[in-house]
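Observations on the model geometry
What follows is each chain in one-letter form.
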Amino acid sequence: ECKYADFSLARAQGTLVMGKFNQKVSTCMSSVPHTFRESGELKYGDSVVVAHMQTGGSLACDPFTTAGFEGDEYAASVSESTKAVARNTFVIGKVNEDDPSDTVSWGVPFRLLCNPSLRVDPSTGLLAPPLYVASSLKSERKASQMSNNQLVFLTASTTYASVFVAQPPAATKNDGARRVLDKGTPVLAGQSMILQHCQTRQLLSSDKKNAQVTDFGTEYEVCGATVTSKGRVSSMVSEFAGTHTPQTMAKPEMDQNIWAFCLGESPETAEDSRNLPPMVSPAMLLKRVLAALPAGSAVRSLKKGFAAMDAQGDGKLDREDLKWGLRDLDVVLEDDQFNILFDDFDASGDGIISMGEFVEAVRGDMSDARKDAVLNAYEALDPEGSGMVTVDDTIGMDSSDGLVTRREFVDFYKDLSAEIDGDDEFVQVVAAQWNL
């Protein structure tokens, strides 16, 4: 009976292993919009399938399975299918937001984002931050499993590790010069290209001989590896800078490195019938923090918890201070959610935030109606206008000297105000407490 009760509870909560697997496969294989454009030009924000020449498949991801030892890096592979589904349809993202151009061009850096259908967070019902295709230098702890090359993975971090550039492949003796001559011109759907990782200069690669079994069947490893043939082609180096260079030879890339961005075949493929939730925001996460704190004393509990951590008394918190301070108060956020929240307050990027600013953001401002209700209550308690009321005249207010000033009185109700949604309800609460 106990085992059956545990099974029933797990089934109701959706935590059965088979149930979670089926949900993962269903999400990853769901239909998604596939951008169609008759001209074939590629724009930032387009949803594309990244086809691979040698395997005949397409770049795919599994944001539910970690890659390597890092818990915040997720698996990438090459699927045998080129059908536009959530796991193998990527969004082309701009790196330089100040660039006015919306056209994807040769030699101009970009990012590949996983499809937003994969980023619905069941704990919040909102879209989690996007994941980006990324890579990093091979090390003893981080390398591709099959070929021991540079690992390719997905991450929420927007560092240089997630930046790529598209170049024409050097298949003939004149193609080396094309990379310089075509730089800045539009990339068209279906054109063969190499995808170079900007940080390490390695090329995105896959090989049929490196087949692996995943939750989606037989697929191929994707890695960072430049695979070239024995021949050589002419290249241009710095001629556009006015520098004359001797003849420069380079080896042409093989099919393992050749990719193409594919658009949809008809306008119908671009139709979006999804009803995706909004992206998680710092304001939404602040509300979640508030809801997790003790009712009736949420902001005061936050103040006391932070004060206990502020050993130096400077009112500053670093990333770890805030993360574990919130957890001590039973406020648990996913790592990507916490990063969104912290980065919003860390405007300078120095990894330090103000404790007071965070508390103020959690409790927010009082409306004029609320301020009037609080001030009317204080005036009723202090009819002579002395600017002081005794603790005996208050409800739950702490005071070291036994008296509460107008400012302390208002500050108390600012804390309480954060937990009450409507102005009318707040005014009624204040009036009821003081029999007004």
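All values reported here derive from a predicted model rather than from experimental measurement.

Some thoughts on unusual backbone geometry
- At N148, a position not held by glycine, the phi torsion is positive, near 60°.
- Among the structural elements, N148 can be located in the loop between β8 (132–135) and β9 (150–155).
- Overall, the relative accessible area of 45% leaves N148 in the partly exposed class.
- A positive phi angle is found at D330, which is not glycine, with a value near 65°.
- Checked against the element boundaries, D330 lands in the loop between α6 (319–328) and α7 (335–345).

What to know about the packing of aromatic side chains
- Enumeration over the complete set of coordinates arrives at 8 aromatic pairs.
- Aromatic side chains Y378 and F409 sit 5.1 Å apart centroid to centroid with 65° between the ring planes, which places their arrangement in the edge-to-face category. Highlighted residues: Y378 in helix α9 (residues 368–381) and F409 in helix α10 (residues 406–417), separated in sequence by 31 residues. In terms of burial, Y378 and F409 fall into one category: buried.

Re the UniProt feature "domain: EF-hand" (unreviewed entry) in the protein chain
- UniProt's feature table lists "domain: EF-hand" (unreviewed entry) at residues 297–332 and 333–368, given in the numbering used throughout.
- Secondary structure over residues 297–332 splits into 61% helix and 8% strand, and the C-alpha atoms at its two ends are 18 Å apart.
- Here residues 333–368 is 58% helix and 8% strand, with 33 Å between the C-alpha atoms at its ends.

Topic: the packing of α9 against helix α11 (residues 423–433)
- Remark: α9 packs on α11, axes separated minimally by 9 Å, with the N-to-C direction vectors making an angle of 5°. Classified by the angle between their axes, α9 and α11 sit roughly parallel to one another. Contact with α9, carried on its side by A369, R370, A373, V374 and A377, involves D423, F426, V427 and V430 of α11 and no other residues of that element.
- In the contact of α9 with α11, the residues fall into 7 nonpolar, no polar and 2 charged.

Cut-offs applied
Residues numbered from 1 in each chain as written. Predicted model: local features only at pLDDT ≥ 70, side-chain atom pairs only at ≥ 80, totals over all residues. Heavy atoms only, no water. Helix = DSSP H or I, 4+ residues; strand = E, 2+ residues; numbered from the N terminus. Buried < 20%, exposed > 50% of the residue type's maximum accessible area, 1.4 Å probe, protein only. Phe/Tyr/Trp six-rings, centres within 6.5 Å; stacked < 30°, edge-to-face > 60°. UniProt positions renumbered as here; feature names shortened; annotations may be inferred. Axes fitted to C-alpha atoms, helices over the stretch in contact; angles between N-to-C directions. Parallel < 35°, antiparallel > 145°, perpendicular 65-115°, else oblique. Contact = heavy atoms within 4.5 Å. Nonpolar A, V, L, I, M, F, W, Y, C, P; charged D, E, K, R; others polar.

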